[in-house]
Amino acid sequence: MSIDESQEPSAGAGVGRADRRDRQVARRDGRALLDDDIRARVQQVAVRQQKFERYLARELAVDPVGLEVMDHLITIGSATPTELARRLDTSTAAMTLVLNRLEDAGHVRRDRHPSDGRKLVVTAADASSDRAYELVLPIIDGVEDLVAGLDATERATVQAFLDRLLAIYDDATG
């Protein structure tokens, strides 16, 4: 379906096509951003986050769902397959396939639950956790340095902006 970008939207039609075109252009990497174009910068953060996640998945040799599982296991800690399936909003059967791939690649191990031998607990392999940390460390250090360089007023402004931005995402996703 092709959208004629030159048509103006009718009243109440939502976001205008020209605005939509601006947003599409703003998503392109390398675009020179206007000094006051915060929206484009927010979009660029999202684009670069997605690009970094693809890079991370390639470097760890996992698919996007596997990367999400690894992120959960490294960040939150060990979990049962059922807990992981709930966290990723997928079926336990689909999670089993993801865990099989991760285990075959040496990224996770499955052990018997310490208090309920019928359950399994999934844990990220130390070598995979260490490699993921190495890859993410430049981002962590860069953000830490950036935040450390903010004065109290800048910090309060950025925090207020990000809190409102998070609320927008929360409202949009229910």
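These figures come from a predicted structure and were not determined experimentally.

Draft legend 1. Summary view of a nonpolar patch on the surface. A cluster of nonpolar side chains, contributed by Ile38, Val158, Phe161 and Leu162, occupies part of the molecular surface with about 330 Å² of accessible area. With 3 residues, helix 7 (residues 152-173) is the largest single contributor of residues to the nonpolar patch. When its relative accessible area of 53% is taken as the criterion, Ile38 is described as exposed.

Draft legend 2. Main features of the packing of helix 2 (residues 38-60) against helix 6 (residues 126-148). One can describe the packing of helix 2 onto helix 6 by two numbers: an axis separation of 11 Å at closest approach and a directional angle of 150°. The orientation of helix 2 with respect to helix 6, classified from their angle, is roughly antiparallel. Between helix 2 and helix 6 lies a crossing whose hand is right-handed. Mapping the contact onto sequence places Phe52, Tyr55, Leu56, Glu59 and Leu60 in helix 2 and Ser128, Arg131, Ala132, Leu135, Val136 and Ile139 in helix 6. Taken together, the residues of the contact of helix 2 with helix 6 sort by class into 8 nonpolar, 1 polar and 2 charged.

Draft legend 3. Examining unusual backbone geometry more closely. A positive phi is found at Ala61, a non-glycine position, where the angle reads about 60°. Mapped onto the elements, Ala61 comes out in the loop between helix 2 and helix 3 (64-75). Positive phi, close to 55°, is recorded for Asp89, a residue that is not glycine. For Asp89, a relative accessible area of 73% gives the class exposed.

Draft legend 4. View of the pattern of salt bridges. Per the counting criterion, the structure on display carries 6 salt bridges. In this structure, Arg110 engages Glu103 in a salt bridge whose closest nitrogen and oxygen atoms are separated by 2.8 Å. Each of Glu59, Arg131 and Glu134 takes part in salt bridges that share partners, so that together they form one network.

Procedures and definitions
- Per chain, residue numbering runs from 1 following the sequence as it is written.
- Two thresholds apply to this predicted model, a pLDDT of at least 70 for residue-level local features and 80 or more for giving and counting side-chain atom pairs, whereas whole-chain, interface and lining totals are computed over all residues.
- Excluding hydrogens and water, the side-chain values take into account all heavy atoms of the structure.
- Like charges within 9 Å and nonpolar side chains (Val, Leu, Ile, Met, Phe, Trp, Tyr) within 5 Å are joined into patches, using only residues over 30% in relative accessible area that form no salt bridge.
- Accessible areas in this description were obtained via Shrake-Rupley with a 1.4 Å probe; residue shielding takes into account the shown protein chains only.
- Note on definitions: salt bridges are taken to be side-chain nitrogens of Lys or Arg within 4 Å of carboxyl oxygens of Asp or Glu.
- Each helix corresponds to a stretch of at least 4 residues labelled H or I by DSSP, and each strand to a stretch of at least 2 residues labelled E; elements are numbered beginning at the N terminus.
- Whether a residue is buried, partly exposed or exposed follows from its accessible area with a 1.4 Å probe, protein chains only, as a fraction of its type maximum: under 20%, in between, or over 50%, in that order.
- A fitted line through C-alpha atoms represents every axis, and for helices the fit uses only the stretch in contact; the resulting angles, taken between N-to-C directions, go from 0 to 180 degrees.
- With respect to orientation, any angle under 35 degrees is reported as roughly parallel, any angle over 145 as roughly antiparallel, any angle of 65 to 115 as roughly perpendicular, and every other angle as oblique.
- What makes a crossing left-handed is the near helix being turned counterclockwise from the far one by less than a right angle; a clockwise turn instead makes it right-handed.
- Should any heavy atoms of two residues lie within 4.5 Å, those residues are considered in contact.
- In the scheme used here, Gly and all other residues not listed as nonpolar or charged are polar, with Ala, Val, Leu, Ile, Met, Phe, Trp, Tyr, Cys and Pro taken as nonpolar and Asp, Glu, Lys and Arg as charged.

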